[in-house]
Amino acid sequence: GGQFKREVTVDGQSHLLLIREEAGAPDAQFASWADAVIFVFSLESESSFEEVTQLHALLSDLRGTSDVALALVGTQGEPGTRGDPVGMGAGRGTPSSPADSPDKISSSSPRAVEDARARALCGDMRRCLYYETCATYGLNVDR
């Protein structure tokens with residue numbers, strides 16, 4: 001995984017995010033230092049959604065998540081491809097809503113994970129926000 005820095009302003013306060021991209025299961029060290037976790041899965045891949053569910057369970061076993069800010073992000077791949085991104089990291093965005101975020105998934109790359117299932121998982125995670133994003137179309141990328 002990679003490591004990144006990004007400065008953001010929240011409620012008039014400047015904050016430096018130290019972002020660490022992780023692929024695979026969290027370990028005890030990761031669990032101990034993370035203040036926030038973003039779980040990322042492909043809307044086109046049932047297996048990536050299941051993996052995120054397992055990663056959350058493992059993180060909960062290592063640390064508990066009552067004091068960790070969580071976000072669940074469903075990504076849309078490029079038209080005609082089947083992306084399978086899955087992982088954890090940190091960041092910030094704006095929640096999507098079905099009314100203002102048209103689905104860019106096509107018949108050649110069908111949606112495997114419905115909005116209601118993702119939102120239900122987010123509810124099970126507690127203190128979790130749900131976002132959908134698509135780099136190809138710029139949906140919720142810079143938020």
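I will try to describe carefully the structure that is included in this document. Keep in mind it's a predicted model, so treat the numbers as computed, not measured.

What counts as what
- Residues numbered from 1 in each chain as written.
- Predicted model: local features only at pLDDT ≥ 70, side-chain atom pairs only at ≥ 80, totals over all residues.
- Heavy atoms only, no water.
- Helix = DSSP H or I, 4+ residues; strand = E, 2+ residues; numbered from the N terminus.
- Contact = heavy atoms within 4.5 Å.
- Pairing = 2+ DSSP bridges.
- Axes fitted to C-alpha atoms, helices over the stretch in contact; angles between N-to-C directions.
- Parallel < 35°, antiparallel > 145°, perpendicular 65-115°, else oblique.
- Nonpolar A, V, L, I, M, F, W, Y, C, P; charged D, E, K, R; others polar.
- Buried < 20%, exposed > 50% of the residue type's maximum accessible area, 1.4 Å probe, protein only.

A short note on the overall build of the protein chain
Argument step 1. For the protein chain, the count of helices and strands is three helices and six strands.
Argument step 2. Along the protein chain, from the amino end to the carboxyl end, the secondary structure elements read β-β-α-β-α-β-β-α-β.
Argument step 3. Within the protein chain, residue pairs in contact and separated by at least 24 positions form 73% of the contacts whose partners lie at least 6 positions apart.

A short note on the pairing of strand 1 (residues 3–10)
Argument step 1. With eight bridges joining them, strand 1 and strand 2 (residues 13–20) adopt antiparallel strand pairing. In the sheet register, threonine 9 faces strand 2, and the bridge partner there is serine 14.
Argument step 2. Counted between consecutive antiparallel strands, the loop separating strand 1 from strand 2 contains two residues, among which aspartate 11 sits at a positive phi close to 50°.

Digging into the packing of helix 2 (residues 46–62) against helix 3 (residues 115–125)
Argument step 1. Viewed as axis vectors pointing N to C, helix 2 and helix 3 meet at an angle of 5°, and their least axial separation amounts to 11 Å. As summarised for this structure, helix 2 and helix 3 are arranged roughly parallel, according to the angle between their axes. Judged by residue contacts, Glu46, Phe49, Glu50, Val52, Thr53 and His56 of helix 2 engage Arg117, Ala118, Leu121 and Met125 from helix 3.
Argument step 2. For the contact of helix 2 with helix 3, the residue count by class is five nonpolar, two polar and three charged.

With respect to the environment of leucine 16
Argument step 1. With respect to the secondary-structure elements, leucine 16 resides in strand 2.
Argument step 2. For the pair leucine 16 and arginine 6, spaced ten residues apart in the sequence, the C-alpha separation amounts to 5.8 Å.
Argument step 3. Once residues lying within four places of it in the same chain are set aside, the contact partners of leucine 16 are Lys5, Arg6 and Glu7.

A word on the environment of alanine 36
Argument step 1. Tracing the backbone shows alanine 36 in strand 3 (residues 36–42).
Argument step 2. We classify alanine 36 as partly exposed; its relative accessible area is 29%.
Argument step 3. Sequence separation between alanine 36 and leucine 70 is 34 residues, and the spatial gap between their C-alpha atoms is 5.7 Å.

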